[in-house]
Amino acid sequence: MALQALGVLIEQRLISEVAQYSGRVELNVIPPLCPLRISAFDFAHAGELMRRARSAAGDWLDSGGLSQPHQERFLSTHSHLVPGVPGLRPGAPPVPA
């Protein structure tokens, strides 16, 4: 629980600083890998998380993500709801049984 609380504090600080400095410097924010079905602290899955992150970042960049305003919003808490499937967004891979 302490790691989760620390993560939330860091997330809020990062959002605040991205919003504060984006008008002063050239600042590009790539959204974090999301949704995560496994803990980012589970290093047994580091390779999988890195592959997914690289692919997601490439797709986001290719779709013109850097030209979108208010990049701090990419770091905000959000949901990935699909009717009938808790916690998933449309097009997300299925959760293993």
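Check the entry above for the structure.
Quick look at the structure, then. (Residues numbered from 1 in each chain as written. Predicted model: local features only at pLDDT ≥ 70, side-chain atom pairs only at ≥ 80, totals over all residues. Heavy atoms only, no water.)

As for its placement among the helices and strands, R52 is situated in helix α2 (residues 46–62). Within the buried set, R52 has no salt-bridge partner at all; the shortest N-O distance to an opposite charge, 4.7 Å, is to E48. Setting aside anything within four residues of it in sequence, one finds R52 in contact with L33, P35, L36 and R37. (Helix = DSSP H or I, 4+ residues; strand = E, 2+ residues; numbered from the N terminus. Buried < 20%, exposed > 50% of the residue type's maximum accessible area, 1.4 Å probe, protein only. Lys, Arg positive; Asp, Glu negative; His and termini not counted. Salt bridge = Lys/Arg side-chain N within 4 Å of Asp/Glu carboxyl O. Contact = heavy atoms within 4.5 Å.)

Let's shift gears to the side chain of E72. Looking at the element boundaries, E72 is found in the segment after α2. The residues contacting E72, other than those within four sequence positions of it, are I15, V18 and A19.

Here we take up the layout of surface pockets. For the largest pocket, the calculated volume is near 890 Å³. If you trace the largest pocket, you find 23 residues lining it, with G7, E11, P32, L33 and L36 closest to the centre. By residue class, the composition of the lining of the largest pocket is 15 nonpolar, seven polar and one charged. (1 Å grid on protein atoms, 1.4 Å probe; cavity = no way out; pocket = protein on both sides within 12 Å on 5 of 7 lines; lining within 4 Å. Points joined across faces, edges and corners; volume = space filled by probe spheres on them. Nonpolar A, V, L, I, M, F, W, Y, C, P; charged D, E, K, R; others polar.)

What follows covers the pattern of salt bridges. Counting across every chain of the model gives one salt bridge. Between E17 and R13 there is a salt bridge; the shortest N-O distance is 2.6 Å. Taken together, the residues E17 and R13, both in helix α1 (residues 2–21) and four residues apart, mark about one turn of the helix. When its relative accessible area of 29% is taken as the criterion, E17 is described as partly exposed. Of the residues examined, R13 reaches a relative accessible area of 55% and is grouped as exposed.

Spacing of three or four residues puts side chains on the same side of an α-helix, whose turn is 3.6 residues. The terminal C-alpha atoms of α2 lie 24 Å apart, and with 17 residues this matches the ideal 24 Å at 1.5 Å per residue to within 8%. If you check which residues of α2 are buried, you get L49, R52, A57 and W60. Projected onto a plane normal to the axis of α2, the buried residues spread over an arc of 130 degrees and lie on a single side. Opposite its buried face, α2 presents the exposed residues M50, R51, R54, D59 and D62, each directed more than 90 degrees away. Of the residues one or two after α2, G64 is the one with positive phi, at around 85 degrees. (Expected span 1.5 Å × (residues − 1). Arc of directions from axis to C-beta.)

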